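Geometric and topological summary
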Amino acid sequence: MFVSKCLNVNEKGHLTIGGVDTVDIAGKYGTPVIVYDENAVRDNCRAFVRSIDKYYGGNGRVLYASKAFSCLEMCRICSEENMGLDVVSGGEIYTALKAGFPADRMYFHGNNKSEDELKYALENNVGRIVVDNPEELKALSVIAKDMGKTASIYMRIKPGIDAHTHNFIRTGQIDSKFGFALETGEAMECVKLAAETESINLVGLHCHIGSQIFDIDPFVHAAQVMMKFIADIKSQTGIVISELDLGGGFGIKYTEEDKPAAFGAYMEPVSNAIKASAAENDIPVPFVLIEPGRSIAGAEAVTLYTVGAVKHIPNVRTYVSIDGGMTDNPRYILYQSAYTVLCANKADKPRDSVVTVAGKCCESGDLIQENASIQTVERDDILAVLSTGAYNYSMASNYNRVPRPAVLMVKDGNVRTIINRESYEDMVRNDI
Ligand code: LLP
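Throughout this description, residue numbers start from 1 for each chain and increase along the sequence as written. Owing to the predicted nature of the model, reporting of local features is limited to residues with pLDDT of at least 70; listing and counting of side-chain atom pairs is limited to 80 or more, with chain, interface and lining totals taken over all residues. Excluded from the side-chain calculations are hydrogens and water; all other atoms, namely the structure's heavy atoms, are used.

A count of helices and strands for the chain gives twelve helices and 21 strands. For the radius of gyration, the atom set is restricted to C-alpha positions; the globular benchmark scales as 2.2 Å times the number of residues to the power 0.38. On C-alpha atoms alone, the chain measures out to a radius of gyration of 23 Å, which is about the 22 Å that the 2.2 N^0.38 rule sets for 432 residues. Here the chain holds 432 residues, and the buried ones make up 58% of them. Residue contacts are defined here by distance: any two heavy atoms, one from each residue, within 4.5 Å place the two residues in contact. Of all intrachain contacts in the chain linking residues separated by at least 6 positions in sequence, the fraction that spans at least 24 positions is 69%. Exposure was quantified through the Shrake-Rupley algorithm and a 1.4 Å probe, taking into account, for residues, occlusion by the shown protein chains and nothing else. Here the chain has roughly 17900 Å² of accessible surface; of this, 48% comes from carbon and sulfur atoms. Positive and negative side-chain charges of the chain, numbering 43 and 56 respectively, have mean locations separated by a distance of 2 Å. Helix and strand definitions follow DSSP, with helices as H or I runs of at least four residues and strands as E runs of at least two, each counted in order from the N terminus. Classification of residues uses two cut-offs on accessible area relative to the type maximum, computed with a 1.4 Å probe and protein chains only: under 20% is buried, over 50% is exposed, and between them is partly exposed. The positive count covers Lys and Arg only, the negative count covers Asp and Glu only, and His and the chain ends enter neither. In plain terms, the charge of a residue is placed at NZ if it is Lys, CZ if Arg, CG if Asp and CD if Glu.

Below, the structure written as structure tokens:
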């Protein structure tokens, strides 16, 4: 019935997450509020780890892409689940270090890391730095040399794969700001440059073809392209690349129309493709990494809002205004992302209305969803938007000086706050 296994309806007809009544949560903690089911998040982590064990003999690592939702508690959970972490800024590194996440299991991405960030990563012994461009390679080499260190790097490659997803979240094609192109010879040139650059140790390659992808074929294709490049590197330079990071991008269910593949359905054909290519090209089977973000956290949270005005415009539409909006969920305004919306206190009733859910910002485009099927709602109802665990809080803003919501986690029937609600005082904290 629901887009996520952590959701249900109780005897009062209320939506539950992890077995806890969302209407009670809204009453106790206020709205807007984002609520995660910890057990469901951990289940997802384990499913990925198991799929590497099962199909790849455990010769790999699952990195949580912390950009999906980074905070101390998520880092602690991923550390406990023996995962690594994809970090993409000094701030994400800082958060992970504060949470006690082992630095050697962090992988530092980004197309324009600052020199301070590179230095910070080296000082803290971040495991791998994923180099994006020749300028960065040079800068890193100078910084590492000055610090008397050797930087272990991956190179980010554009495998030339066009995954079918929203334009802004496609990254593997040649027209992308990320990484080195294969077709132009740029990637091979940089491998050679890396090999002769002081204080640099090239150990792996990385690619990431996009996000919210349902087809398995582009992932298999990307793995084959990367393996072929590893073979070319060996034959042209003698360098053996021993680690291959294939990125994230696995789609999740936002609505009933979304049909994500099971994790194993990805890992099995990808593992087979890698092993076949290794045998064919006489190169070692690499240590493999994958970087799920959305598929770890996305479907395992809901955002709860309180309904304010309900505005019927005859023959036009009905606006249902809520006490949050683009400040906690900018994904509709950015990507026109589809969501399932429900009335949490009438979750057992038929979804017999079609409405536009509008945020409270001074901006006409501040919508969470248009033409959404929902129960008949009125002022003070609790509205739930499902699958808001990834790229919601992490992309939240203070537009209109709206404080960011609190974030909670339920586990085994207990609820705890993992990020406090921002206060008005927080809105002026850095003002002078
Ligand atoms: N690895 C790299 C290098 C990435 O750039 C990303 C996402 C991931 C892993 C994780 O991808 P995932 O498994 O979460 O799809 N803000 C957009 C999504 C941007 C994704 C950026 N990179 C959204 O809200 O849909």
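What follows covers the site of the ligand. We call a residue near a molecule or strand whenever a single non-hydrogen atom of that residue lies within 4 Å of it. In the vicinity of the ligand, 19 residues are found, and the nearest of them are S211, E291, R294, R331 and Y391. Measuring from an oxygen atom of the ligand, one finds a side-chain N or O atom of K67 at 3.3 Å. Polar contact criterion, stated in full: a pair of N or O atoms within 3.5 Å, where within protein one must be able to donate a hydrogen and the other to accept it, and residues adjacent in sequence count only if both atoms are side-chain atoms. Between an oxygen atom of the ligand and a main-chain N or O atom of G293, the distance comes to 2.9 Å. Alone, the ligand offers 580 Å² of accessible surface; in the complex the protein occludes 91% of this. Within the shell around the ligand, the residues separate by chemical class into six nonpolar, seven polar and six charged. Note on residue categories: nonpolar means Ala, Val, Leu, Ile, Met, Phe, Trp, Tyr, Cys or Pro, charged means Asp, Glu, Lys or Arg, and polar means any other residue, Gly included.

A word on the nonpolar core. In this description, a nonpolar core means a group of buried Ala, Val, Leu, Ile, Met, Phe, Trp, Tyr and Cys residues linked to one another through side-chain atoms lying within 4.5 Å. The biggest cluster of nonpolar side chains holds 90 residues, and the ones touching the most others in it are Y64, F69, I153 and L205. The element that contributes the greatest number of residues to this core is helix 8 (residues 217-237), accounting for eleven residues. Counting 24 residues, the second largest nonpolar core, distinct from the first, contains C6, I25, A26 and A384.

Whether two strands pair depends on DSSP finding at least two bridges between them. Pairing within the open sheet is antiparallel, and its three strands lie in the order 1-2-3. This sheet does not close on itself; its edge strands, each paired only once, are strand 1 (7-9) and strand 3 (20-21). Pairing analysis gives three bridges linking strand 1 to strand 2 (residues 15-17), with the strands arranged antiparallel. Pairing of L7 across the sheet is with I17, part of strand 2.

It is worth spelling out helix 8 at this point. Spanning 21 residues, helix 8 covers 30 Å between terminal C-alpha atoms, matching the ideal 30 Å at 1.5 Å per step. Regarding helix 8, the residues found buried are P218, F219, V220, A222, A223, V225, M226, M227, F229, I230, A231 and I233. Where helix 8 is buried, its residues touch strand 9 (151-158), helix 7 (186-195), strand 11 (200-206), strand 12 (243-245) and helix 9 (263-281). Of the residues trailing helix 8, G238 is marked for its positive phi of about 85 degrees. What a helix is expected to span follows from its residue count: subtract one and scale by 1.5 Å.

Between the N-to-C directions of two axes lies an angle of 0 to 180 degrees, each axis being a line fitted to C-alpha atoms and, for a helix, fitted only over the stretch in contact. Look at helix 8 against helix 9: their axes get within 9 Å of each other, and the N-to-C directions meet at 25 degrees. Relative to helix 9, helix 8 is oriented roughly parallel. For the crossing formed where helix 8 meets helix 9, the hand is right-handed. Residues F219, V220, A223, Q224, M227, K228 and A231 of helix 8 touch helix 9, and the partners they reach there are Y266, P269, V270, A273, I274, S277, A278 and N281. Class assignment of the residues belonging to the contact of helix 8 with helix 9 gives a composition of eleven nonpolar, three polar and one charged. Roughly parallel covers angles under 35 degrees, roughly antiparallel covers those over 145, roughly perpendicular covers 65 to 115, and oblique covers all other angles. We call a crossing left-handed when the near helix sits turned anticlockwise from the far one by less than a right angle, and right-handed when that turn is clockwise.

It is worth spelling out the side chain of Q369 at this point. Topologically, Q369 is positioned in strand 18 (residues 367-374). A polar contact of 3.0 Å, which involves the side chain of Q369, links it to the backbone oxygen of S337. When near neighbours in sequence (up to four residues on either side) are disregarded, Q369 contacts Y332, S337, A338, Y339, V355, T356 and V357.

Definition used for salt bridges: Asp or Glu carboxyl oxygen within 4 Å of a side-chain nitrogen of Lys or Arg. Enumeration over the complete set of coordinates arrives at 21 salt bridges. Between K411 and E38 there is a salt bridge, and its shortest N-O distance comes to 3.9 Å. A residue pair is termed long-range when its members are at least 10 positions apart, and K411 in strand 20 (residues 406-411) and E38 in helix 2 (residues 38-56) qualify at 373 residues. When its relative accessible area of 27% is taken as the criterion, K411 is described as partly exposed. R429 is the salt-bridge partner of D426, the closest N and O atoms lying 2.4 Å from each other. For D426, a relative accessible area of 27% corresponds to the partly exposed category. Overlapping salt bridges, with partners in common, bring together E38, R42, R46, E73, R76, E80, E81, K411 and R416 in one network.

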